[in-house]
Amino acid sequence: MELSSIVTHEKETIRFVKNHFQDVKALDDVEKVFHPMGLVKFNKELKDKGRKYTIFGKPIDLFFAFYDEKESDKYAIYIILDIPRNELKMFSKIWGHPENVPTEDFVSGDFDSQIWRKNGADVIVGRSFVYEYSADSQLIQISNIKLAILYGIE
């Protein structure tokens, strides 16, 4: 299933999370150390782990979400996929120039992450440090929740 057309549209993303994800128990402190998403708030995992998902034609390796029925308009999805460094600029062709990277750094490839604000959501693309995946693994985080909440600061 290709997700490019839904990930920056709030209602479609929430509908996707409701239909394709299921609740997962909260991690204890030890589990957080070893879990690829241990640093962020999540409470959903895919229902059908065998189903293949792609974004912009790239296969998704790992997929989690945060969604709370009490705050039905707030969500976060976390996607890990393999994208060689020389292909990272592909996102700018889709979402425009990233807000956090000066043009000269973008042209030279001198950036660690790319950030956009699309349809009320923050889109952050940056290197994933999940040890099971290659050095080319990228984490795409799309959310309309304050980052301080997702990272447990607030």
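Analysis parameters
- Residues numbered from 1 in each chain as written.
- Predicted model: local features only at pLDDT ≥ 70, side-chain atom pairs only at ≥ 80, totals over all residues.
- Heavy atoms only, no water.
- Helix = DSSP H or I, 4+ residues; strand = E, 2+ residues; numbered from the N terminus.
- Contact = heavy atoms within 4.5 Å.
- Areas by Shrake-Rupley, 256 points an atom, 1.4 Å probe, with all protein chains shown as cover.
- Salt bridge = Lys/Arg side-chain N within 4 Å of Asp/Glu carboxyl O.
- Buried < 20%, exposed > 50% of the residue type's maximum accessible area, 1.4 Å probe, protein only.
- Core = buried A, V, L, I, M, F, W, Y, C linked by side-chain atoms within 4.5 Å.
- Pairing = 2+ DSSP bridges.

Caption draft 1: Layout of the overall build of the protein chain. Scanning the protein chain for helices and strands turns up five helices and eight strands. When its helices and strands are written in sequence order, the protein chain yields α-β-α-β-β-β-β-α-α-β-β-β-α. If one aligns the C-alpha atoms of the protein chain with their principal axes, the spans along those axes are about 45 × 35 × 35 Å. For the protein chain, the share of sequence-separated contacts (at least 6 apart) that also reach a separation of at least 24 residues comes to 51%. Summed over all atoms, the accessible surface of the protein chain reaches about 8,600 Å², with 53% contributed by carbon and sulfur.

Caption draft 2: Expanded view of the pattern of salt bridges. For the structure on display, the rule yields five salt bridges. A salt bridge links lysine 25 to glutamate 31; its shortest N-O distance comes to 3.1 Å. According to the relative accessible area criterion, glutamate 31 is partly exposed, its value standing at 29%. The shortest N-O distance in the salt bridge between lysine 49 and glutamate 45 comes to 3.4 Å. Classification of glutamate 45 by relative accessible area gives buried; the value is 18%.

Caption draft 3: Local environment of the nonpolar core. Phe63 and Phe91 are the most contacted members of the largest nonpolar core, which totals 33 residues. Of all the elements in the fold, those that place two or more residues in this core are helix 1 (10-20), strand 4 (58-67), strand 5 (75-82), helix 3 (90-95), strand 7 (121-127) and strand 8 (137-143). Beyond its immediate sequence surroundings of up to four residues, phenylalanine 91 is in contact with Phe56, Ile83, Gly96, Gln114, Trp116, Val125 and Ile140.

Caption draft 4: Here's a closer look at the side chain of serine 137. As for its position among the elements, serine 137 is in strand 8. Residue classification places serine 137 among the buried positions, given a relative accessible area of 1%.

Caption draft 5: Representation of the pairing of strand 6 (residues 113-118) in the model. Where strand 6 and strand 7 come together, six bridges link them in antiparallel fashion. Paired with arginine 117 across the bridge in strand 7 is aspartate 122. The loop that links strand 6 with its antiparallel partner strand 7 comprises two residues; one of these, asparagine 119, has a positive phi angle of about 50 degrees.

Caption draft 6: Representation of unusual backbone geometry. The phi angle at phenylalanine 56 is positive, at roughly 55 degrees, despite the residue not being glycine. Its location among the elements puts phenylalanine 56 in the loop between strand 3 (54-55) and strand 4. Its identity is not glycine, yet asparagine 119 carries a phi of approximately 50 degrees, on the positive side. Inspection of the secondary structure puts asparagine 119 in the loop between strand 6 and strand 7.

Caption draft 7: Focus on the pairing of strand 8. Judged by how many residues are buried, strand 8 sits mostly within the fold: seven of seven residues are covered. Neither face of strand 8 is left uncovered, since the one carrying Ser137, Leu139, Gln141 and Ser143 and the one carrying Gln138, Ile140 and Ile142 both have all their residues buried. Sheet topology places strand 5 next to strand 8; seven bridges connect them, and they run antiparallel. For tyrosine 78, the partnering residue across the bridge sits in strand 8 and is glutamine 141. Both strand 7 and strand 8 contribute to a ladder of six bridges, which runs antiparallel. Among the inter-strand pairings, glycine 126 is bridged to a residue of strand 8, identified as leucine 139.

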